[in-house]
Amino acid sequence: MPYAQPVSRIVRLTIDDINDDETTVTVRLGDPPSPLPQPVAALMRAYMRSRPHLPYASSRSSQWLFPGRQPGQPMNPVSLQVHLRGIGVPPQRGRTSAIRQLVVRAPAPVIAKALGYHDKTATRLVTEAGGTWSRYALGDRRR
């Protein structure tokens, strides 16, 4: 999943969580918004352009990034998982791999804040992935 987010969180994104300044596409998962790498950015641009042509009339005016069949509701997470598997993306393995890559490259508190994870969860994942950031202390170093 994008940036190690569970499908249940991805389906709750709205179109306001996506920003495209013609140079960079970002998704607001935490603060600051995260840039989407290529080819994901190009796929998101194409998807955003195709939204007016969604099959359900109630979906066309929905603010959900992935609107569901029921008016005012996001897509069911299981439905999104089925779509992802259909195009060759195994959601759980992709999510696990993504979070492990992130926590090995950056301090767990930074990843947790950026992606909306709990600090303890990110720290546990660092340890499981064999990362070296387990003793990183976030804070003001001028003291």
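Predicted, not measured: the structure shown is a model, and the values here were computed from it.

Regarding the packing of aromatic side chains
Two measures describe an aromatic ring pair: the distance that separates the ring centres and the angle between the ring planes.
Piece 1. Tallied over the full model, the rule gives one aromatic pair.
Piece 2. Arranged with centres 5.2 Å apart and planes meeting at 35°, the rings of Tyr47 and Phe66 form a pair that is tilted. Linking Tyr47 in helix H2 (residues 40-50) with Phe66 in the loop between helix H3 (57-60) and helix H4 (77-86), this pair joins segments that are 19 residues apart in sequence.

As for H2
Piece 1. For H2, the complete set of buried residues consists of Ala41, Met44 and Arg45. Within H2, the buried residues cover an arc of 100° as seen down the axis, which keeps them to one side.
Piece 2. Where the residues of H2 are buried, they touch strand S1 (18-20) and strand S2 (25-27).

Notes on the confidence of the model for the protein chain
Piece 1. Across the protein chain, the average pLDDT comes to 77, with 76% of residues at 70 or higher.
Piece 2. Looking at the elements of the protein chain, mean pLDDT is at its lowest for H3, recorded as 62, and at its highest for S1, recorded as 96.

Some words on the environment of Leu36
Piece 1. Looking at the element boundaries, Leu36 is found in the loop between strand S3 (34-35) and H2.
Piece 2. Exposure remark for Leu36: the relative accessible area of 10% places this residue in the buried category.
Piece 3. Between the alpha carbons of Leu36 and Asp20 there is a distance of 10.0 Å; along the sequence they are 16 residues apart.

Procedures and definitions
Residues numbered from 1 in each chain as written. Predicted model: local features only at pLDDT ≥ 70, side-chain atom pairs only at ≥ 80, totals over all residues. Heavy atoms only, no water. Phe/Tyr/Trp six-rings, centres within 6.5 Å; stacked < 30°, edge-to-face > 60°. Helix = DSSP H or I, 4+ residues; strand = E, 2+ residues; numbered from the N terminus. Buried < 20%, exposed > 50% of the residue type's maximum accessible area, 1.4 Å probe, protein only. Arc of directions from axis to C-beta. Contact = heavy atoms within 4.5 Å. pLDDT = per-residue confidence, 0-100.

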